[in-house]
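For reference, the chains in residue letters:
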Amino acid sequence: PRRELLVLTPDEAKQFLQLASSHRLHALWWFIAITGVRKGEALGLHWTDVDWDTNTLTIRRTLSGSGRRKRETVPKTPHGTRTIAMPNVLAVVLTKWRQQQRLERISGGSTWHNTSYVFTTYRGTPWDPSAVTHQFKRLLRQGGFSDHWRIHDLRHAMATHWLASGVSPKVVSERLGHASVAFTLQVYAHALPNQQAEAAEKMAAQLIDNLAMPSTNHPHEPRKSGTT
């Protein structure tokens, strides 16, 4: 059975990001919450994947494993390789993080590993996905949040809020890197229980605005006197 989605409310997501503003990995949390990418896709991002001229970024690889077994792989499906629009607020977050990373490189000197990864440790090496999860859980405990939250739930929050706001499922599916729109709807349909009722109300309102209301007279009732 599919695990029930644990969707963060807008207020919960805002509170978490505020808490994370002083955390060294704050740029990573913001990145996942805004783009909706998977943890491994975020950790596999290189600076060359970020296009500052068009404010877009391209997902080309996933980082998985741990320690010496850490490795990069290409997305499982062609849809996984995708270009994502980057809002200005995220561009600012990444710019500030890049400046901090440069300072850490200078401070690290000969101990710094010169890689092109966006999200790196103090030594410049790419993060182990398990270590990032550990950092996330510690942050949750510090803020008194539910320890059942996962990093992946930041991705679910973005997708659910976009769909609830009326964004096309096709657009959401492309941003998430799903194989099909049908899969996106299958995953998130039960997380939006009021969508059907809202759609019905909107359709009814549109029909009322555009069509004359039916007569209240029964077809077999005699016409009222004085009518033609």
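Described in the following lines is the structure provided in the data block. Owing to the predicted nature of the structure, the values given are computational and were not obtained by experimental measurement.

## Considerations on the side chain of H178
- When you line up the elements, H178 lands in the loop between α7 (169-176) and α8 (181-188).
- In this structure H178 touches R38, H79, R155, S173, F183, T184 and Y188, once residues within four positions along its chain are discounted.

## Let's talk about the sheet that holds strand β2 (residues 56-59)
- Read from one edge to the other, the open sheet built from 3 strands follows the order β1-β2-β5, with strand pairing classed as antiparallel. Either end of the sheet is taken by a strand with one partner, and the two such strands are β1 (50-51) and β5 (82-85).
- Judged from the 2 bridges that link them, β1 and β2 form a sheet pairing that is antiparallel. Each bridged residue has a counterpart across the sheet, and for V50 the counterpart in β2 is L57.

## Considerations on α7
- Taken as a whole, α7 has its buried residues at V172, S173, R175 and L176. Buried positions in α7, seen along its axis, are confined to an arc of 165° and lie on one side of it.
- Phi turns positive one or two residues past the end of α7, at G177, with a value near 80°.

## Here we look at the pattern of salt bridges
- Applying the stated rule across the entire model yields 9 salt bridges.
- For R60, the salt bridge is made with D49, and the minimal N-O distance between the two is 2.6 Å. Within this pair, whereas R60 is found in the loop between β2 and β3 (62-64), its partner D49 is found in the loop between α3 (39-43) and β1, the two being separated by 11 residues in sequence.
- The class for D49 is buried, based on a relative accessible area of 4%.
- Residue E174 pairs with K170 through a salt bridge whose shortest N-O separation is 2.4 Å. Residue E174 and its partner K170 are located together in helix α7, separated by 4 residues, close to a single helical turn.
- The class for K170 is partly exposed, based on a relative accessible area of 47%.
- Overlapping salt bridges bring together D49, R60, R61 and E72 as one network.

## What about the packing of aromatic side chains?
- Tallying each qualifying case throughout the model produces 7 aromatic pairs.
- Here a set of aromatic residues connected by ring pairs shows up, and it is made of F16, W29, F136, F145 and W149.
- The positively charged end of R98 is found above the aromatic ring belonging to W47, 4.8 Å away from the centroid.

The rules behind each value
- Residues numbered from 1 in each chain as written.
- Predicted model: local features only at pLDDT ≥ 70, side-chain atom pairs only at ≥ 80, totals over all residues.
- Heavy atoms only, no water.
- Helix = DSSP H or I, 4+ residues; strand = E, 2+ residues; numbered from the N terminus.
- Contact = heavy atoms within 4.5 Å.
- Pairing = 2+ DSSP bridges.
- Buried < 20%, exposed > 50% of the residue type's maximum accessible area, 1.4 Å probe, protein only.
- Arc of directions from axis to C-beta.
- Salt bridge = Lys/Arg side-chain N within 4 Å of Asp/Glu carboxyl O.
- Phe/Tyr/Trp six-rings, centres within 6.5 Å; stacked < 30°, edge-to-face > 60°.
- Lys NZ or Arg CZ within 6 Å of the ring centre and 35° of its normal.

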